[in-house]
Amino acid sequence: MAQSNHLQYQAKLKRKTNGVKDRYIPPAKGSAQFKEFSLLMAQANVEFTFPKGFKEIPAANNEDFSFDYAMEIPGQEFEIWFQVKSLKQNWLSVERNHEQENPDSSYLKVGKALAITFTGEQDNFIRNIPSNVLARYRADAGKSYLLNLIDSPDTKHYKYALLITLQKNHTGTITAVCFTNEKDPEFFRNIDKASNCLKFKIH
């Protein structure tokens, strides 16, 4: 029985990948979406390397969700949405009005608000991102949220998501949401493929 289930899983996996796994799809650097995303990244001191096997798709931008860039692995029911924000203007405001809240904590509110919007739940599974992982992204703080999604056309009826928020002091925030219909090893392998595509610059 176990062997039968394994063979069915392998067949399903083969249908999903469909030979796409090793194919390089060049980034759509000429698209209006990518140009706008590049400007936002420059403001937030973030760099981006387009990962192999991914393809640009339109980012969600409506009343509930406002993301800057999105991409998918064709045929794999897996996509990532990105949001990048500079904190520099916020810090200029703080310098003029010292009673304002510390902008470096804004990533906490962003993550919590998105998690609630995606799930409809106040309590979601949250973890601190370890310091060794933060160092890979040159970030100072971060959280991850494993979410069971509301069935919604806004999220293309995906079932699950991993939401990641990263923050660099006095600089900016990065938000990434990885969507899937299966919380299986392939989901985390796909996340790993894109894990180094976005990070803060050294200076």
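Relevant structure appears above.
Residues numbered from 1 in each chain as written. Predicted model: local features only at pLDDT ≥ 70, side-chain atom pairs only at ≥ 80, totals over all residues. Heavy atoms only, no water.

(A) Highlighting helix H4 (residues 106-119). For H4, built from 14 residues, the straight-helix expectation of 20 Å at 1.5 Å per residue is met to within 8% by its first-to-last C-alpha distance of 20 Å. Within H4, burial applies to Tyr107, Gly111, Leu114, Ala115, Phe118 and Thr119. When H4 is viewed along its axis, its buried side chains cluster within an angular range of 110 degrees and face the same direction. Buried residues belonging to H4 abut strand E4 (79-86), strand E6 (141-148), strand E7 (160-168) and strand E8 (172-180). (Helix = DSSP H or I, 4+ residues; strand = E, 2+ residues; numbered from the N terminus. Expected span 1.5 Å × (residues − 1). Buried < 20%, exposed > 50% of the residue type's maximum accessible area, 1.4 Å probe, protein only. Arc of directions from axis to C-beta. Contact = heavy atoms within 4.5 Å.)

(B) Structural view of the state of the cysteines. Enumeration over the complete set of coordinates arrives at zero disulfides. The structure places no disulfide on cysteine 178, whose sulfur is separated from the nearest cysteine sulfur, that of cysteine 197, by 8.7 Å. Taking the relative accessible area as the measure of exposure, cysteine 178 reaches 4% and is therefore buried. With a relative accessible area of 5%, cysteine 197 lands in the buried category. (Disulfide = S-S within 2.5 Å.)

(C) Quick peek at the sheet that holds E7. In spatial order, the strands read E2-E3-E4-E8-E7-E6-E5; together these seven strands make up an open sheet with antiparallel pairing. Because the sheet does not close on itself, it has two edges, and the strands there are strand E2 (55-57) and strand E5 (125-128). Ignoring which end each strand starts from, the neighbouring axes of this sheet average 20 degrees apart. Two elements, E4 and E8, share eight bridges in a ladder whose sense is antiparallel. In the sheet register, glutamate 79 faces E8, and the bridge partner there is phenylalanine 179. (Pairing = 2+ DSSP bridges. Axes fitted to C-alpha atoms, helices over the stretch in contact; angles between N-to-C directions.)

(D) Inspection of the side chain of threonine 171 at higher detail. Looking at the element boundaries, threonine 171 is found in the loop between E7 and E8. Relative accessible area serves as the criterion here: at 11%, threonine 171 is assigned to the buried category. Side-chain polar atoms of threonine 171 contact the backbone oxygen of asparagine 169, separated by 2.9 Å. Beyond its immediate chain neighbours, meaning those up to four positions away, threonine 171 contacts Ala44, Asn45, Lys85, Ser86, Leu87, Lys88 and Phe200. (Polar contact = N/O pair within 3.5 Å; in protein donor to acceptor, adjacent residues only side chain to side chain.)

(E) Focus on the packing of aromatic side chains. This model, assessed by the stated rule, comprises 19 aromatic pairs. Consider the rings of tryptophan 81 and phenylalanine 118, whose centres lie 6.4 Å apart with planes at 50 degrees: the pair is tilted. In this pair, tryptophan 81 sits in strand E4 while phenylalanine 118 sits in helix H4, placing the two residues 37 residues apart along the sequence. A relative accessible area of 2% places phenylalanine 118 in the buried class. An angle of 35 degrees between the planes, with centres 5.6 Å apart, marks the rings of tyrosine 158 and phenylalanine 179 as tilted. Within this pair, whereas tyrosine 158 is found in the loop between E6 and E7, its partner phenylalanine 179 is found in strand E8, the two being separated by 21 residues in sequence. Here tyrosine 158 and phenylalanine 179 have matching classes, each one buried. Through a chain of ring-to-ring contacts, the aromatic side chains of Phe34, Phe37, Phe48, Phe50, Tyr69 and Phe82 assemble into a single cluster. (Phe/Tyr/Trp six-rings, centres within 6.5 Å; stacked < 30°, edge-to-face > 60°.)

So far we have only geometry, and geometry alone does not tell us how the molecule works.
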